[in-house]
Amino acid sequence: MKSKQKNQLFVATTMFVAIILLQSMVPFLGYVPLGAVVVGASAVILPATAALAGIALGPRSGFVVAFFWATYSWLHALTHPGTFGALLFSNPLVAFVPRLLVGVIIGYLAKRFFIDREKPVWFLFTMGALAAFINTFMVIFLSWLSLTLMPYSGYGIPKENLFLWLAGILALNFVFEFLVNGLLVAAIGRVLLKRLPKF
């Protein structure tokens with residue numbers, strides 16, 4: 001990659017980082033509350049931003065953008081305790097692994113199967129929806145694993161059927177997230193891929 005392309009890639013990646021941090025910090029830009037405020041649940045649309053970074057810039061940039069998303073999520077959970085969501089995301093595994101997988105997997109799939117610039121709408125929608133699925137599933141799985149292996153108390157967490165209970169809480173908004181992230185990536189991705197340089 002030429003020096004000019006490297007600079008362009010750096011600038012584009014930095015812009016995505018700024019966007020995902022802004023979405024993380026400003027209410028209603030990255031999280032759409034659906035009435036489950038007590039347990040810290042909300043529909044997350046940040047996977048769309050990490051997916052777009054991976055699709056447009058590649059898996060490395062997707063990883064970087066997802067890393068900043070994960071870092072903010074983890075630090076926010078540590079500094080704002082008191083909710084079930086904070087309990088889960090104060091665990092680095094739960095905060096980092098699902099987000100990093102979104103950036104890397106989506107970026108890899110886009111690079112592996114659609115090297116050309118003409119990525120069809122159905123592919124973009126699928127990548128956005130898959131980003132939401134990866135994030136939700138891995139948060140549920142790693143939360144279940146963590147709460148099974150480590151002692152916990154409070155928050156009304158049951159001892160039995162823990163996985164199903166977590167799935168019921170965290171997957172409450174999954175259909176919404178699946179559709180919204182898919183639509184966002186499909187709509188924004190078509191325009192973005194035409195505007196950004198080819199890396």
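Residues numbered from 1 in each chain as written. Predicted model: local features only at pLDDT ≥ 70, side-chain atom pairs only at ≥ 80, totals over all residues. Heavy atoms only, no water.

Now for the overall build of the chain. Helices and strands together make up the secondary structure of the chain, namely eight helices and two strands. Listing every helix and strand of the chain by position from the N terminus yields α-β-β-α-α-α-α-α-α-α. For the chain, contacts bridging at least 24 residues in sequence account for 73% of all contacts bridging at least 6. Within the structure as shown, the chain displays about 10600 Å² of accessible surface, and the carbon and sulfur contribution to it stands at 73%. (Helix = DSSP H or I, 4+ residues; strand = E, 2+ residues; numbered from the N terminus. Contact = heavy atoms within 4.5 Å. Areas by Shrake-Rupley, 256 points an atom, 1.4 Å probe, with all protein chains shown as cover.)

It is worth spelling out the packing of helix H2 (residues 46-57) against helix H6 (residues 121-149) at this point. Between H2 and H6, the shortest axis-to-axis distance is 9 Å and the interhelical angle comes to 125°. By the angle class used here, H2 and H6 are oblique. Seen along the crossing, H2 lies across H6 with a hand that is right-handed. Note on element contacts: H6 touches H2 through Leu124, Met127, Ala131, Ala132 and Asn135, opposite Pro47, Ala51 and Ile55. Counted by class, the contact of H2 with H6 contains seven nonpolar, one polar and no charged residues. (Axes fitted to C-alpha atoms, helices over the stretch in contact; angles between N-to-C directions. Parallel < 35°, antiparallel > 145°, perpendicular 65-115°, else oblique. Left-handed = near helix turned anticlockwise from the far one by under 90°. Nonpolar A, V, L, I, M, F, W, Y, C, P; charged D, E, K, R; others polar.)

Applying the stated criterion across every chain yields a total of eight aromatic pairs. Every member of this aromatic cluster is reached through a ring pair, and the members are Phe67, Phe68, Trp74 and Phe96. Cation over ring: arginine 112 sits above phenylalanine 113, and NZ or CZ is 5.2 Å from the ring centre. (Phe/Tyr/Trp six-rings, centres within 6.5 Å; stacked < 30°, edge-to-face > 60°. Lys NZ or Arg CZ within 6 Å of the ring centre and 35° of its normal.)

The biggest cluster of nonpolar side chains holds 46 residues, and the ones touching the most others in it are Ile55, Leu57, Phe89, Ile106, Leu124 and Val185. Elements with a contribution of two residues or more to this core: helix H1 (3-25), H2, helix H3 (59-79), helix H4 (84-89), helix H5 (92-113), H6 and helix H8 (174-195). When sequence neighbours within four positions are dropped, the list of residues in contact with valine 185 reads Ala48, Ala51, Leu52, Ile55, Leu124, Gly128 and Arg190. (Core = buried A, V, L, I, M, F, W, Y, C linked by side-chain atoms within 4.5 Å. Buried < 20%, exposed > 50% of the residue type's maximum accessible area, 1.4 Å probe, protein only.)

Looking now at a nonpolar patch on the surface. On the surface, Phe133, Phe137, Phe141, Leu145, Leu149, Val175, Phe178, Leu179 and Leu183 cluster together to form a nonpolar patch covering roughly 820 Å² of accessible area. Contributing elements (two or more residues each) for the nonpolar patch: H6 and H8. Relative to the helices and strands, leucine 149 is located in helix H6. The class for leucine 149 is exposed, based on a relative accessible area of 65%. (Patch = residues over 30% accessible without salt bridge, like charges linked within 9 Å, V, L, I, M, F, W, Y side chains within 5 Å. Salt bridge = Lys/Arg side-chain N within 4 Å of Asp/Glu carboxyl O.)

Turning next to the side chain of glutamate 177. Checked against the element boundaries, glutamate 177 lands in helix H8. No salt bridge forms around the buried glutamate 177; measuring N to O, its nearest opposite-charge neighbour arginine 99 is 8.8 Å away. Of the polar contacts made by the side chain of glutamate 177, one reaches the backbone nitrogen of valine 44; its length is 2.8 Å. (Lys, Arg positive; Asp, Glu negative; His and termini not counted. Polar contact = N/O pair within 3.5 Å; in protein donor to acceptor, adjacent residues only side chain to side chain.)

Here we come to the packing of H3 against H5. Packed helix pairs are characterised by how far apart their axes lie and by the angle those axes make with each other. For the pair H3 and H5, interaxial distance at closest approach is 8 Å and the crossing angle is 160°. Classified by the interaxial angle, the pair formed by H3 and H5 is roughly antiparallel. Here H3 and H5 pass one another in a crossing that is right-handed. Seen from H3, the contacting residues are Pro59, Gly62, Phe63, Ala66, Phe67, Trp69, Ala70, Thr71, Ser73 and Trp74; seen from H5, they are Pro92, Ala95, Phe96, Arg99, Leu100, Gly103, Val104, Gly107, Tyr108 and Lys111. Its residues assigned to classes, the contact of H3 with H5 shows 13 nonpolar, five polar and two charged.

Here the chain averages 83 in pLDDT, and 82% of its residues register 70 or above. Confidence drops under pLDDT 50 across residues 36-40; counting only partners more than four residues distant or on other chains, this segment forms six contacts. (pLDDT = per-residue confidence, 0-100.)

Looking now at H3. In this model H3 runs 30 Å from its N-terminal to its C-terminal C-alpha over 21 residues, within 8% of the 30 Å that 1.5 Å per residue would give. When we look at burial in H3, the residues that qualify are Ser61, Gly62, Val65, Ala66, Trp69, Ala70, Thr71, Ser73 and Ala77. (Expected span 1.5 Å × (residues − 1).)

Here H1 spans 33 Å end to end across 23 residues, near enough to the 33 Å set by a 1.5 Å rise per residue. Burial in H1 covers these residues: Leu9, Ala12, Thr13, Phe16, Val17, Ile20, Gln23 and Ser24.

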